[in-house]
Amino acid sequence: MTDKIDLHSHSTASDGTLTPRELAKEAAERNISALALTDHDTVEGINEFKEACYEYGVEAISGVEISAQHSKTMHIVGLLIDTDSDILRGRLDILKSAREVRNRKMLDLLKKHDFDISEEDILTQKDGASLSNTGRAHIARTMVEKGYVHSVNEAFEKYLKKGNSCYVKRVTYSPEESIRIIKDAGGISILAHPIFITEDYDALYSLVKELREYGLDGMECYYNCYTKEFSKMCIEICEKTGLLQSGGSDFHGGNKPDVQLGRVSSGYVSMDILDKIKERRGL
């Protein structure tokens, strides 16, 4: 067993390019001892992931990443959740239905901008694909394949990012609701990649204090693009507010080719981080 863990990753159950089984194998090959699968607004890949992790000798952490209402990008990761929770599955089903509606609207906007992209084009991006388990990353890859843009990043920057011509707002829960969904499923709630919300100390501290009142348990202090200074700031805020530290790569496979499973900007996340999370969970 190594000391390396990763508490933030994605599979084909949402917008990653590796299946849950392939993700477990990748973790074993990279000598990662524990890995959390935290797909966007779904837990559909967890059972396959857990079975594969058992076979490959990797500790599987059941997780989810819920998008929350905010002026910037706010995601709440749930760790050590009960994936059989009726409340969790019911609330995620609502988001699943909304995702399908959103995708159809984006395809309509793309057609109005003379992009010949069909529903079938999107569904060829992965096995078992539907408009309720695909998203902007799959649309972007189709745009690359058809030669409309040179990269997934260009597709987002020119057309699919918030504020651009083909962007459609997603249905989300409030931060308080998102945290409550995770807590009702017995999980530990973590503010994901706060660098995308603010890099200002006072603003982040104020936000974290508010979320702490809703039941937030921790924050990602380690991530794939943090500076040493930002990571240190997150650690300090966690210590000041009594929040747990967490972190992970946010691995998406080919959809984020520069991000390696198990790697954060400071190197790796250590097992003692998970030990403290388990202790808070009562494990």
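Residues numbered from 1 in each chain as written. Predicted model: local features only at pLDDT ≥ 70, side-chain atom pairs only at ≥ 80, totals over all residues. Heavy atoms only, no water.

> I'd like to hear about empty space enclosed by the protein, residue by residue, with values.
Scanning all chains against the criterion turns up one cavity of 30 Å³ or more. In terms of lining residues, the largest cavity is bounded by Asp41, Leu95, Ala98, Arg99, Arg102, Arg170 and Val171. When grouped by side-chain class, the residues that make up the lining of the largest cavity number three nonpolar, no polar and four charged. (1 Å grid on protein atoms, 1.4 Å probe; cavity = no way out; pocket = protein on both sides within 12 Å on 5 of 7 lines; lining within 4 Å. Points joined across faces, edges and corners; volume = space filled by probe spheres on them. Nonpolar A, V, L, I, M, F, W, Y, C, P; charged D, E, K, R; others polar.)

> Give a description of the nonpolar core that names residues and reports values.
Residues Leu7, Leu191 and Leu204 are the most contacted members of the largest nonpolar core, which totals 67 residues. The contacts of Leu191, once residues within four sequence positions are left out, are Met74, His75, Ile76, Ile197, Leu204, Val208, Leu211, Leu216, Gly218, Met219 and Glu220. Leu107, Ala140, Val149 and Ala155 belong to the second-largest nonpolar core, a separate cluster that totals 16 residues. (Core = buried A, V, L, I, M, F, W, Y, C linked by side-chain atoms within 4.5 Å. Buried < 20%, exposed > 50% of the residue type's maximum accessible area, 1.4 Å probe, protein only. Contact = heavy atoms within 4.5 Å.)

> Can you lay out the pairing of strand β3 (residues 59-68) for me, pointing to particular residues and giving the numbers?
The element β3 is largely enclosed, with a buried count of eight among its 10 residues. In terms of strand pairing, strand β2 (residues 34-37) meets β3 through four bridges, oriented parallel. The residue of β3 that forms the bridge with Ala36 is Ile61. Pairing analysis gives six bridges linking β3 to strand β4 (residues 74-79), with the strands arranged antiparallel. Within β4, the position partnered with Glu65 by the bridge is Val77. The antiparallel hairpin formed by β3 and β4 contains five residues in its connecting segment. (Helix = DSSP H or I, 4+ residues; strand = E, 2+ residues; numbered from the N terminus. Pairing = 2+ DSSP bridges.)

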